[in-house]
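Inside the fold
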Amino acid sequence: MQSSSHSATDLLKKVRKIEIKTKALSHQIFAGEYHSAFKGRGMAFSEVREYQWGDDVRSMDWNVTARLRSPYVKVFEEERELTVVLLVDVSRSGLFGTVGGTKRERLAEIAAVLSFSAILNNDKVGALFFSDHVEKFIPPKKGRSHLLHIIREMLELQPSSDGTDIGGALRYLTNALKKKCTAFLLSDMIDADSEGNPRYEDALKVAVGRHDLSVIKIHDPREQSIPAVGLIHIKDSETGEGSWINTDSRAVREAYARWFRDLSDRERKLFNKYKVDNVDISTDEDYVKGLMALFNKR
């Protein structure tokens, strides 16, 4: 009993720490940037009023005009309120980290910053945690207590599976939310077939047609290249498969670097093809710059 209350206290401390840091960032930097990047992207019907001199004839409401035998126009206003959904990758590859913490820790912090930015703008926030299936879906709601519930889940959730299925997460989003939302996919994006092609293209295409989707990719600098440190045993954190490789071999190091580069290139081409706003952030980089770059693209 004592250990469980101790771990609960530790968790609350972590939540509080992440809240203080990310809330300050949201207030100082992101509120304005987020607001201008994601607000006012649609127009919502507000009311019908009598026609006034100078009104655009295209906004005439002909049904009401005919019924009341007097000209009436439709009035529209910017949709100020958004629904924001965070798709957070909790697969086992996120536990990798050689500098600046693990990929999953960095994803959690960025997700918290986005959440606080949304709450500051009075938006609803929801979260979808996925591995090779959807581990948990928290429907969008407003308010600080709801937001802290999402952050707690980000820190505490123990996925039931190790693998990654980005396509499955995107399909779930498309089915769960019929109304257009602003979605952020936070992942290391390592989800390719044996040929090195991303497995999520079809789901991405559909999701982009339905929602306003941005991708925030996190990588560890050590993933881009292998150092020459002799014979080492490597293991795929998701499949559990392992093998010995000789890192002193230049051919081995070059083959790995080429594989990673190729994977990233195909991913970029896919984002360009479907016009998906994206940013790639390393765990040893300041993610504030990366997020600002993403917001400024819009």
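Sequence order as written defines residue numbering, which begins from 1 separately in each chain. Residues qualify for local features only when their pLDDT is at least 70, as the model is predicted, and side-chain atom pairs are given and counted only at 80 or more; totals for whole chains, interfaces and linings, by contrast, use all residues. Working from all heavy atoms in the structure, the side-chain values ignore hydrogens and water.

Some remarks on the side chain of H219
Strands here are runs of E lasting at least two residues and helices are runs of H or I lasting at least four, both read from the DSSP assignment and numbered beginning at the N terminus. As for its placement among the helices and strands, H219 is situated in strand β7 (residues 212-219). At 2.7 Å, the side chain of H219 and the side chain of D280 are in polar contact. Throughout this description, a polar contact denotes any pair of N or O atoms lying within 3.5 Å of each other; where both atoms belong to protein, one of them has to be capable of donating a hydrogen while the other can accept it, and for residues adjacent in sequence the pair is counted only when both atoms sit in side chains.

Structural notes on helix α4 (residues 144-156)
The span you would expect from a helix comes to 1.5 Å times its residue count less one. Between its first and last C-alpha, α4 extends 18 Å over 13 residues, near the 18 Å set by a 1.5 Å rise per residue. Between buried and exposed lies partly exposed: a residue is buried under 20% and exposed over 50% of the maximum accessible area for its type, with that area taken using a 1.4 Å probe on protein chains only. Residues of α4 that are buried: H146, L147, L148, I150, I151, E153 and M154.

Things to note about the sheet that holds strand β10 (residues 277-282)
If you trace the 6 strands from one edge of the open sheet to the other, you get β5-β4-β3-β6-β7-β10, paired in mixed fashion. Only two strands of the sheet have a single neighbouring strand rather than two, namely β5 (134-141) and β10. Neighbour-to-neighbour, the strand axes of the sheet open up by a mean angle of 15°, direction not taken into account. What makes two strands pair is DSSP finding at least two bridges between them. In the sheet, strand β3 (residues 83-89) pairs with strand β4 (residues 124-130) via 7 bridges, with the strands oriented parallel. Paired with V84 across the two strands is V125, which belongs to β4. Residue contacts are defined here by distance: any two heavy atoms, one from each residue, within 4.5 Å place the two residues in contact. Here the axes come from fitting lines to C-alpha atoms, over the contacting stretch only for helices, and the angles between their N-to-C directions go from 0 to 180 degrees. Of the strands in this sheet, β4 and β5 are in contact with α4, which crosses β5 at around 165°.

Here's the deal with helix α7 (residues 250-273)
Between its first and last C-alpha, α7 extends 34 Å over 24 residues, near the 34 Å set by a 1.5 Å rise per residue. Of the positions making up α7, those classed as buried are A257, F260, L263, S264, E267, L270 and F271. Looking at the buried residues of α7, the elements they touch are α6 (201-210), β7 and β10. Positive backbone phi, approximately 55°, marks K275, located one or two places after α7.

Note that all results are geometric; they support no functional claim without further evidence.
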